[in-house]
Amino acid sequence: MKKIIITFLLSATILVSCTELEVTPTSFITEDNFFKTQDDAVASVTAVYASLSIDPGEQSLFGRNLYFLTDMGSDYAAAGVSATNPQVRALSSLTHDATSDRVQVAWRQIYNGINRANIAIDNIPKVAGSEVVKTRLINEAKFIRGLLYFQAVRLWGGVPIVLHEPTSIQLESLKSKRATVDEVYAQIISDLTDAQSLPSTYPANEAGRATSGAAKAILAKVYLTRKDWPNAILKTKEVINGGYGYALFENFADIFNKAKKNGKEHIFSVQFEPNQAGNGSSGSTFQATSFTGFTATEPADIISDVALFYDIYAAGDTRRDASYVKQLINPATGTLYTFPKPLFKKFLDLTNLATPSNVAINFPVIRYADILLSFAEATNEQSGPTAEALEAVNQVRRRAFGKAILIPDATVDLVGLTNVQLRDAIREERKKEFVQEGQRWYDLVRWGILVSEVKKVTAKNSVSERNNLYPIPQSERNIDPVGLPQNPGY
């Protein structure tokens, strides 16, 4: 999975999201003439993974497009002057509507990945090859399908559940009505439960594939989101105590060191390489949009309020300077340059600032620190501030302050907190820990505090309760307005 070049594209894949077709397909590459060998099965699952990181001609789902909704649509990220798309600026100010191109692209990309997974799941059983390998490939596809539906249900609420590839190009057969939120979550849990049988590890040359630990970790986040505290605790404990070898990096900045990809803290990451797929906008574009060079011009992605998000770190908290940067040495001149406002740093390739195009730093979908904080949160909500819950938070804090992770330290450890105090502390740790990692909007929504927190940012005071969901893209509703009713407020 180190470099994914897509040569496997099925015509049926474009039919996933019920989008309006401009042309009439004249032929299909069908399962009858593609799925023959085990190599074909592997290629189909490679295409499923690639849906997360490659969309030629467009910013990829986890390469930046999801960021507009999960980060820029929250309180701490905003559109800088280099963001020229008016619909991006509308998302930043939370004044977007159902015609938002970024919302529509996210919908298309998510359902594109889901349909690729469906094609693989439906057709892999027929190929010749090892049943063990075929079962593993099917469960990898189910993992990605579950992960994508988890994004979709949180972004839009109830969404269409599509579990099989289209068998007709007739418009009526392509329509799919919204399912309920509970029905979508049931499907997510089913897919991720099957994916728990995946291998716990892979050979080094296959690093980045979904594992049983990754399936349990995403399941833990599903249960946390559902406020199913017992199951959230169960799954986080299975990840923590399951013998997977997961642990925190001793140095916080190593999470985003491209030389330490797929390390002990990375439970599941979207894999990126420079200039992925040979298309300048198909891989990860975080560096190019967070750093425009040694200039006072704001990049496209900026911190929304320095006082609310940069100045909040206590002295010695290494997460601030790993997440943001105020000064960099210009490699062309050797001089130290100070930026007018801190820039996002996590996805900057400091070894290659001269050509900030596609960056090779992976995107961490879920890492071990998230599991520790999720365990602490679920435990605190169910049983109060137990010693185990406090220890999980304190491990994250010790690493942040450069202390020995597993050794109690009175200078940084939280002790003697009430249930409410620990709840607030966990929320504060998550705010500092996951900058630009696609977590903030999801956190604020599930805590029920999106509106109150976002209103603290002056430029985002248009926020309202409608922003707890995104609009169903109008292009989708034009095809089936009855089956796809709009979310409130749009």
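What counts, and where the lines are drawn
- Residues numbered from 1 in each chain as written.
- Predicted model: local features only at pLDDT ≥ 70, side-chain atom pairs only at ≥ 80, totals over all residues.
- Heavy atoms only, no water.
- Helix = DSSP H or I, 4+ residues; strand = E, 2+ residues; numbered from the N terminus.
- Buried < 20%, exposed > 50% of the residue type's maximum accessible area, 1.4 Å probe, protein only.
- Contact = heavy atoms within 4.5 Å.
- Pairing = 2+ DSSP bridges.
- Axes fitted to C-alpha atoms, helices over the stretch in contact; angles between N-to-C directions.
- Parallel < 35°, antiparallel > 145°, perpendicular 65-115°, else oblique.
- Left-handed = near helix turned anticlockwise from the far one by under 90°.
- Nonpolar A, V, L, I, M, F, W, Y, C, P; charged D, E, K, R; others polar.

Colleague: Please give an account of the side chain of glutamine 151 that cites residues and values.
Modeller: Locating glutamine 151 in the fold gives a position in helix H6 (residues 131-156). For glutamine 151, a relative accessible area of 4% gives the class buried. The residues touching glutamine 151, leaving out its near neighbours within four places in the chain, are Phe62, Leu66, Ile110 and Tyr442.

Colleague: Quick rundown of the pairing of strand S4 (residues 324-329)? Include the residues and the values.
Modeller: In terms of strand pairing, S4 meets strand S5 (residues 336-344) through 5 bridges, oriented antiparallel. In the strand pairing of S5, glutamine 327 is matched with threonine 338. Where S4 hands over to S5, the hairpin turn is made up of 6 residues, of which glycine 334 adopts a positive phi near 80°.

Colleague: Can you lay out the packing of helix H3 (residues 61-72) against H6 for me, pointing to particular residues and giving the numbers?
Modeller: Close contact between H3 and H6 brings their axes to 12 Å; oriented N to C, the two are set at 20°. The angle between the axes of H3 and H6 places the two elements in the roughly parallel class. The way H3 lies across H6 gives a crossing that is left-handed. For the pair H3 and H6, the contacting residues are Leu61, Phe62, Leu66, Leu69 and Thr70 in the first and Leu148, Gln151 and Leu155 in the second. Split into classes, the residues belonging to the contact of H3 with H6 amount to 6 nonpolar, 2 polar and no charged.

Colleague: Before we move on, can you summarise the pairing of strand S6 (residues 363-367) with the specific residues and values?
Modeller: Counting buried residues in S6 gives 5 out of 5 residues, a clear majority hidden from the surface. Bridge count for strand S2 (residues 266-270) against S6 is 4 bridges, and the pairing is antiparallel. Bridge assignment links phenylalanine 268 to a residue of S6, and that residue is isoleucine 366.

Colleague: Tell me what's going on with unusual backbone geometry, and back it up with residues and numbers.
Modeller: Positive phi, close to 55°, is recorded for asparagine 262, a residue that is not glycine. Looking at the secondary structure, you find asparagine 262 in the loop between helix H10 (229-241) and S2. In this structure, glutamine 436 is a non-glycine residue whose phi angle is positive, near 60°. Tracing the chain through its elements places glutamine 436 in the loop between helix H16 (419-433) and helix H17 (440-447). Residue classification places glutamine 436 among the buried residues on the basis of a relative accessible area of 1%.

Colleague: Give a detailed account of the packing of helix H14 (residues 368-383) against H16, specifying residues and quantitative values.
Modeller: Direction vectors running N to C along H14 and H16 enclose 160°, while the axes themselves pass 10 Å from each other. Judged by the angle between their axes, H14 and H16 are roughly antiparallel. Our pair here, H14 against H16, has a crossing hand that is left-handed. Between H14 and H16, the residues in contact are Ala369, Asp370, Leu373, Ser374, Ala376, Glu377, Asn380 and Glu381 and Asn419, Leu422, Arg423, Ile426, Glu429, Arg430 and Glu433, respectively.

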